[in-house]
Amino acid sequence: MNHGPSALENVPLPELSGGALPAEVAEFLADAQRRIGDFRPRRRIAEFQSCDGALIYGTLDAIRQAGLAQGPRFCEWGSGFGVATCCAALLGMQAHGIEIEEELHREARGLAAAHGIEAGLHLGSFKPDGLYEERLPDREPAPLGFAPTDCDLVYAYPWPAEERWVEALFAHYAAPGTLLLTYHGGVTQKLRRRV
Ligand SMILES: C[S@@+](CC[C@H](N)C(=O)[O-])C[C@H]1O[C@@H](n2cnc3c(N)ncnc32)[C@H](O)[C@@H]1O
């Protein structure tokens, strides 16, 4: 690979406003939680764990207000129910999410449609072949019609074992200035920038 994790610099997370959520966001997040709660007993997908919707909304809003992203393009890697992608769309970003599990992708589309949220929810993988062998092609593949790193802000909630691959992929392809926001359970988030 061309770049190691040193290609990423830490960015202090901007302070959250702490204000009440807009009503449409609160309604969306409550419905998302309800649907996720209904889904879990029906279908166990080991890889799926949902983020804290209010936290991700607040963080994306704070990033936007602080003007940290170079532009409005957002991409969620492994979007599950699409909660973060929909939050980004509700904040006016050009939001896309990529999910490999068909049932989750279907649920995400249903949730977004129920709230009239326009977001690109795609079925597929954000990982190109060769990632785990550390043999990535020089040019990022775009199997969904766009390259997963070709945006201004990437968000992912990786399992611990996947963290270094998300970082490596981002470091290899993202343009300088692109932000990587990751969630690690509880209230732990990291914000990095491609240098
Ligand atoms: C821990 S969950 C996080 C879900 C969502 N990002 C969130 O924050 O609520 C990780 C998600 O990544 C998906 N996933 C795993 N590998 C993937 C891949 N190569 N491409 C797309 N999605 C993937 C899983 O199916 C799962 O839904």
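Structure shown above.
Peer 1: Could you give me a rundown of empty space enclosed by the protein, with the residues and numbers involved?
Peer 2: The tally for this structure, following the rule as stated, stands at one cavity of 30 Å³ or more. One number sums up the size of the largest cavity: a volume of about 40 Å³. Together, Phe39, Arg40, Arg43, Arg44, Ile45 and Phe48 line the largest cavity. A breakdown of the residues in the lining of the largest cavity according to their chemical character gives three nonpolar, no polar and three charged.

Peer 1: Break down the site of the ligand for me, citing the residues and quoting the values.
Peer 2: As a matter of local geometry, the ligand sits amid 21 residues, with Cys51, Glu76, Gly78, Glu99 and Ser125 nearest to it. Between the ligand and the protein, one listed contact pairs an oxygen atom with a side-chain N or O atom of Tyr155 at 2.9 Å. Calculation on the ligand without its partners gives an accessible area of 600 Å², and the protein chains cover 95% of this total. A majority-of-atoms criterion places the ligand in the largest pocket.

Rules used throughout
Residues numbered from 1 in each chain as written. Predicted model: local features only at pLDDT ≥ 70, side-chain atom pairs only at ≥ 80, totals over all residues. Heavy atoms only, no water. 1 Å grid on protein atoms, 1.4 Å probe; cavity = no way out; pocket = protein on both sides within 12 Å on 5 of 7 lines; lining within 4 Å. Points joined across faces, edges and corners; volume = space filled by probe spheres on them. Nonpolar A, V, L, I, M, F, W, Y, C, P; charged D, E, K, R; others polar. Near = heavy atom within 4 Å. Polar contact = N/O pair within 3.5 Å; in protein donor to acceptor, adjacent residues only side chain to side chain. Areas by Shrake-Rupley, 256 points an atom, 1.4 Å probe, with all protein chains shown as cover. Sits in = over half its atoms within 2 Å of the grid points.

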